[in-house]
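# Examination of the molecular architecture
Here are the chains, one letter per residue:
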Amino acid sequence: MALVVQALTFLHEYKASLLHPIPNKNPGALRLGVISSAAINAAAVIRPVETHPDVILYAIASREPEVARAAARNYHFTKAYGSYQDLLDDPQVDIVYVSTPNSLHFEWSAKAIEKGKHVLCEKPFTSNGDEARRLVKLAAQKGVVLEEAFHWQFHPAAHVWHEILDSKKYGKIIGTNARMTTGPSVPGEDIRWKFDLAGGSAMDMTYALSFTRQALHAKHPEEIASVACRPSKSDPRVDEAMYANMIFRGPDSQLIPSKIYVDMARPLLCGIIPRFWEWPSIEVETEEAIIYFYNAMMPHLYHYIAITEKRTGKTSYVKKYSGGPIWGDVETTGGKGGQSSWSTYRWQLEAFVDAVRGKKPPYWVTSEESIIQMEVIDSLYTAAGLPIRPTNWGKKS
Ligand SMILES: NC(=O)C1=CN([C@@H]2O[C@H](COP(=O)(O)OP(=O)(O)OC[C@H]3O[C@@H](n4cnc5c(N)ncnc54)[C@H](OP(=O)(O)O)[C@@H]3O)[C@@H](O)[C@H]2O)C=CC1
Ligand SMILES: O=C1OC[C@@H](O)[C@H](O)[C@H]1O
């Protein structure tokens, strides 16, 4: 129930901002510029920046000057810009967060990179694989940090889950099943329904594919065995839901059947009950156990990793809110091993700032990972008989 999880994250972040005093900022703290007034801004960067000593809320831009001014007042940004370009033209901006609709990620990330800014770009990274490759190349040419904001991957729970799977304590992986759904439906006018804004369930709910590829350390699937889409009623090019059966090559070179189900308008149970309990999750079957990561998307709210051993039928539970195999020994800006109140976005910011400061971040979403993720989404659309999300900017005619 992605919308509920999202709403709870807004509350979680708001509570964290009330309970945790804003630390003194470093004299040379990085100046953040935010491109758009998106709903996700508060959870994804504004609250995390408040508790990070090395970043300040410097500027926010909107297509509407008054919207930018209101956001700046609400969240205490120093500057408000009535155009995205004006924000990028400000030499004081060091790092940029791009939270526009998907179709504009490439354009505004590229324009920020051209200005020498480091970029944290929302997921899905771009509209398609071609844009992803071009963006990564541009960042490398300009020598700036570029990161897809795949926040869930930075959380300690994700790292413990990896540790369990990679240990082979329960044998090799033999199958995966990931899902992300929301019902009641995503509202009708939302950007996620618009083809020209690179909408669609496989784009927005890219997490299910990410959980799967992460579990398997997989790149492209060996085969897309089948894909079925439920098209949006208003635009058949937009997938309201997608069901995909893929075969990946697993970490031991074995072939692994992997199911993905994403749905932006999950039918209500018995026609009336929203499935509030259905949070973005993945089940991994190994030779000896079923390992279920519940709420892999926003584990800071609540999560568990349930391990049910096939031989005994017994289930044990693992949870992890701080420390863990990657952050455990790290001196973070919140102390050793970070803080259990930190959201996925706060862990992500910690790593992003490390990278901008030239320090090796404990965890990183590689450029290759972001490119392949977009390439696989392209191939899912092609297999489904739907068009790949187009590039609207920067193509030489
Ligand atoms: N990491 C996460 O957990 C989440 C990530 N996301 C991602 O963040 C991005 C934004 O999502 P969300 O917050 O729901 O988006 P919203 O619809 O709330 O905001 C998108 C913003 O983009 C700007 N914009 C620019 N051009 C357009 C256009 N043609 N139509 C509509 N808006 C436009 C608008 O800002 P303005 O008018 O100020 O210019 C608008 O406020 C998406 O890429 C989404 O996938 C979303 C939710 C969660
Ligand atoms: O990234 C996201 O996380 C939460 C979802 O509700 C949302 O659709 C998606 O964009």
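Residues numbered from 1 in each chain as written. Chains lettered and ligands numbered in written order. Predicted model: local features only at pLDDT ≥ 70, side-chain atom pairs only at ≥ 80, totals over all residues. Heavy atoms only, no water.

Naming follows an unreviewed UniProt entry, where the protein appears as D-xylose 1-dehydrogenase (NADP(+), D-xylono-1,5-lactone-forming) of Monascus purpureus. According to UniProt, the comment filed for the protein under the heading Catalytic activity (unreviewed entry) is "D-xylose + NADP(+) = D-xylono-1,5-lactone + NADPH + H(+)". The UniProt entry for the protein carries the following comment under Sequence similarities (unreviewed entry): "Belongs to the Gfo/Idh/MocA family." (UniProt positions renumbered as here; feature names shortened; annotations may be inferred.)

Turning our attention to the sheet that holds strand β1 (residues 30–35). As summarised here, the arrangement of the six strands in space is β3-β2-β1-β4-β5-β6, forming an open sheet in which the pairing is parallel. Because the sheet does not close on itself, it has two edges, and the strands there are β3 (79–81) and β6 (146–148). The sheet shows a mean angle of 20° between the axes of neighbouring strands, taken without regard to direction. Taken together, the six bridges between β1 and strand β2 (residues 55–61) define a ladder with parallel strand orientation. Residue isoleucine 35 lies in a different strand from β2, and its bridge partner there is alanine 61. (Pairing = 2+ DSSP bridges. Helix = DSSP H or I, 4+ residues; strand = E, 2+ residues; numbered from the N terminus. Axes fitted to C-alpha atoms, helices over the stretch in contact; angles between N-to-C directions.)

Below, the discussion takes up the site of ligand 2. Close to ligand 2 lie Ala2, Gln6, Lys123, Met180, Arg192, Asp204, Tyr207 and Met297, which account for all nearby residues. Residue arginine 192 places a side-chain N or O atom 3.0 Å away from an oxygen atom belonging to ligand 2. Measuring from an oxygen atom of ligand 2, one finds a side-chain N or O atom of tyrosine 207 at 2.7 Å. Here ligand 2 has 270 Å² of accessible area as a free molecule, and 93% of this is covered by the chains. Its residues placed into classes, the shell around ligand 2 shows four nonpolar, one polar and three charged. Taken domain by domain, the makeup of the shell around ligand 2 includes at least three residues from each of domain 1 (1–151) and domain 2 (153–320 + 366–384). (Near = heavy atom within 4 Å. Polar contact = N/O pair within 3.5 Å; in protein donor to acceptor, adjacent residues only side chain to side chain. Areas by Shrake-Rupley, 256 points an atom, 1.4 Å probe, with all protein chains shown as cover. Nonpolar A, V, L, I, M, F, W, Y, C, P; charged D, E, K, R; others polar. Domains from an automatic or database assignment.)

Evaluated as defined, the whole model comprises 18 aromatic pairs. Here the aromatic rings of tryptophan 161 and phenylalanine 293 are separated by 5.4 Å at their centres, their planes lie at 45°, and the arrangement is tilted. Note that tryptophan 161 is positioned in helix α7 (residues 156–167) and phenylalanine 293 in strand β12 (residues 289–294), a separation of 132 residues in sequence. For the pair tyrosine 304 and tyrosine 317, a centre-to-centre distance of 5.5 Å together with 80° between the ring planes defines the contact as edge-to-face. Residue tyrosine 304 is found in strand β13 (residues 304–309), and its partner tyrosine 317 is found in strand β14 (residues 315–318); the two are separated by 13 residues along the sequence. Residue classification places tyrosine 304 among the buried positions, given a relative accessible area of 19%. Under the relative-accessibility criterion, tyrosine 317 is labelled exposed at 54%. Through a chain of ring-to-ring contacts, the aromatic side chains of Phe150, Trp152, Trp161, Tyr207, Phe211 and Phe293 assemble into a single cluster. Taking the ring centre of tryptophan 108 as reference, the NZ or CZ of lysine 111 above it sits at 4.3 Å. (Phe/Tyr/Trp six-rings, centres within 6.5 Å; stacked < 30°, edge-to-face > 60°. Buried < 20%, exposed > 50% of the residue type's maximum accessible area, 1.4 Å probe, protein only. Lys NZ or Arg CZ within 6 Å of the ring centre and 35° of its normal.)

This part is about the site of ligand 1. Surrounding ligand 1, one finds 26 residues, the nearest of these being Ser37, Ser62, Tyr84, Asn102 and Tyr345. Within the contact set of ligand 1, an oxygen atom lies 2.9 Å away from a side-chain nitrogen or oxygen of histidine 105. Of the residues that constitute the shell around ligand 1, the class distribution is 12 nonpolar, nine polar and five charged. Shared between two domains, the shell around ligand 1 takes at least three residues from each, and those domains are domain 1 (1–151) and domain 2 (153–320 + 366–384).

What follows covers the UniProt feature "domain: Gfo/Idh/MocA-like oxidoreductase N-terminal" (unreviewed entry) in the protein. In the UniProt entry, the feature "domain: Gfo/Idh/MocA-like oxidoreductase N-terminal" (unreviewed entry) is given for residues 33–147. The straight-line gap between the two end C-alpha atoms of residues 33–147 is 15 Å; of that span, 44% is helix and 20% is strand.

As a further point, take the pairing of strand β7 (residues 173–181). Two faces belong to every sheet, and in a regular strand the side chains alternate between them. The sheet contact formed by β7 and strand β11 (residues 281–286) spans six bridges and is antiparallel. Residue glycine 175 lies in a different strand from β11, and its bridge partner there is glutamate 285. Bridge count for β7 against strand β10 (residues 255–263) is six bridges, and the pairing is parallel. When the sheet's bridge partners are listed, asparagine 177 is paired in β10 with lysine 259.

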